[in-house]
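Below, each chain spelled out in residue letters.
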Amino acid sequence: MCSIMHWPYGAQAQIHISGDTLISGQVFDGQSEQALSEKLSLLITSAGPQDTVRISRCVFRNYSLENGALIQIKGARNVLIDSCIFHNIAGTRAGVDVHAIVCPDEGSQITVSNSIFRNIAADGIQLGHLRNEKEQHQIHDWTISGNAFYDSGENGIDIKNTQGNIRIQENFFSGSRGCSGGKPGCSGDAGIGVIIHQGARGVRLQANTFYHNNRGVSVKQAKVGGIPQDIHIEENLFYGNISQTREAGWGLKLDAVEGAVIRHNVFVDNHPRRDLVIKEQQTSGIVLEANEFLSPEEFARSLSDQSSYPFPLLQAY
Ligand SMILES: [Ca+2]
């Protein structure tokens, strides 16, 4: 079932997707005459536990939203978003976040794979944004794999308030250069590939490449919400994450976490002396194992020495 209804909070048209649905091979273009609206958004909910929503080989481009996201997953299970392109998703209001995909409070068995996110006002994917401290979240069992995130205003992926089994594998993050907060579509961030904060639990980052962002990955406490717990960061490449602003950059920074495994990562030429930064005050139970810190020359040599390298190769941009 796929019905079209109007967004109750303003002039933003919304398509409500519920029940078994396949949307494949469609182009949604905010600048095209065929577009339903210049302010499209898709709301995905599940009618029954066996229902599956699949969105594949679709293009979403050139939209300007007042707030929220192009795709909102709310109370849904069994959703696959595969081989899609999200391009030029802008905001119209200063300091109000606009993302490509969000799951604000409930979603499980969700896969986002093989897709490209480019020039998104705030985040490519945002999970578990907390609006007040009493809010309940049920966000678990996600796989985000094989995607490329270019030029995010804030973050490629922003993770908050998850309950476990959030797998982020073999993605490529580049060009997170930050947003002052005065720009349309974002509320402010220094430019981080992946941020894990506000009560995030059970997150595994594996075999991703973080290439030329102001900051690669942050694990920290936010103004509200608990300290992140049970975080695995393994086999990732952090390459050339150097801040282009006055604020410090880094490869990976752990400000606040309870239980983390940081293993087999490779750090190359990140912000000077800030490849891997760990603050002792709010961190506990950190296992550090077999991480490598290489110069670009050493890294190039290691690539030629090995027939198969565990990271996605640096992609042509
Ligand atoms: Ca964000």
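(A) Region of interest: the overall build of the chain. From N to C terminus, the chain includes one helix and 29 strands. When the 317 residues of the chain are sorted by exposure, 41% land in the buried category. Within the chain, contacts between residues separated by at least 24 positions form 81% of all contacts whose residues are at least 6 apart in sequence.

(B) Examining the pairing of strand β18 (residues 163-169) more closely. As paired strands, strand β15 (residues 138-145) and β18 are joined by four bridges and run parallel to one another. Bridge pairing in β18 links Thr-143 to Arg-167. Note: β18 against strand β21 (residues 201-206), five bridges, orientation parallel. Within the sheet, the bridge partner assigned to Ile-168 lies in β21 and is Leu-205.

(C) Region of interest: the environment of Asn-67. Structurally, Asn-67 is set in the loop between β7 (59-65) and β8 (68-73). Among the residues examined, Asn-67 registers 16 C-beta atoms within 10 Å and is labelled partly exposed. Note: C-alpha distance between Asn-67 and Asp-97 (30 residues apart in sequence) is 5.9 Å. In contact with Asn-67, not counting residues within four places along its chain, are Arg-93, Val-96, Asp-97 and Val-98.

(D) Structural detail: the sheet that holds strand β19 (residues 172-174). The sheet built from ten strands is open, its strands ordered β4-β7-β10-β13-β16-β19-β22-β25-β27-β29 with parallel pairing. Of all the strands in the sheet, just β4 (27-29) and β29 (292-294) have a single pairing partner and so form its edges. With direction set aside, neighbouring strand axes in the sheet form an average angle of 10 degrees.

(E) Highlighting the nonpolar core. The biggest cluster of nonpolar side chains holds 73 residues, and the ones touching the most others in it are Leu-70, Ala-100 and Val-194. Take this core: its biggest share by element is six residues, from strand β26 (residues 250-263). Discounting residues that sit within four places of it in the chain, Ala-100 has contacts with Ala-69, Leu-70, Ile-71, Phe-86, Ile-89, Phe-117, Ile-120, Gly-124 and Ile-125.

(F) Geometry of unusual backbone geometry. The backbone phi angle of Ala-207 is positive, close to 60 degrees, even though this residue is not glycine. Residue placement: Ala-207 occurs in the loop between β21 and β22 (209-211). Among the residues examined, Ala-207 registers 19 C-beta atoms within 10 Å and is labelled partly exposed. For His-264, which is not glycine, the phi torsion reads 55 degrees and is therefore positive. Structurally, His-264 is set in the loop between β26 and β27 (266-268). Overall, the presence of 16 C-beta atoms within 10 Å leaves His-264 in the partly exposed class.

Cut-offs and rules
- Residues numbered from 1 in each chain as written.
- Predicted model: local features only at pLDDT ≥ 70, side-chain atom pairs only at ≥ 80, totals over all residues.
- Helix = DSSP H or I, 4+ residues; strand = E, 2+ residues; numbered from the N terminus.
- Buried ≥ 20, exposed ≤ 12 C-beta atoms within 10 Å, placed from the backbone.
- Contact = placed C-beta atoms within 7 Å.
- Pairing = 2+ DSSP bridges.
- Axes fitted to C-alpha atoms, helices over the stretch in contact; angles between N-to-C directions.
- Core = buried A, V, L, I, M, F, W, Y, C linked by C-beta atoms within 7 Å.

Take it as geometry only, folks, not as evidence of what the structure does.
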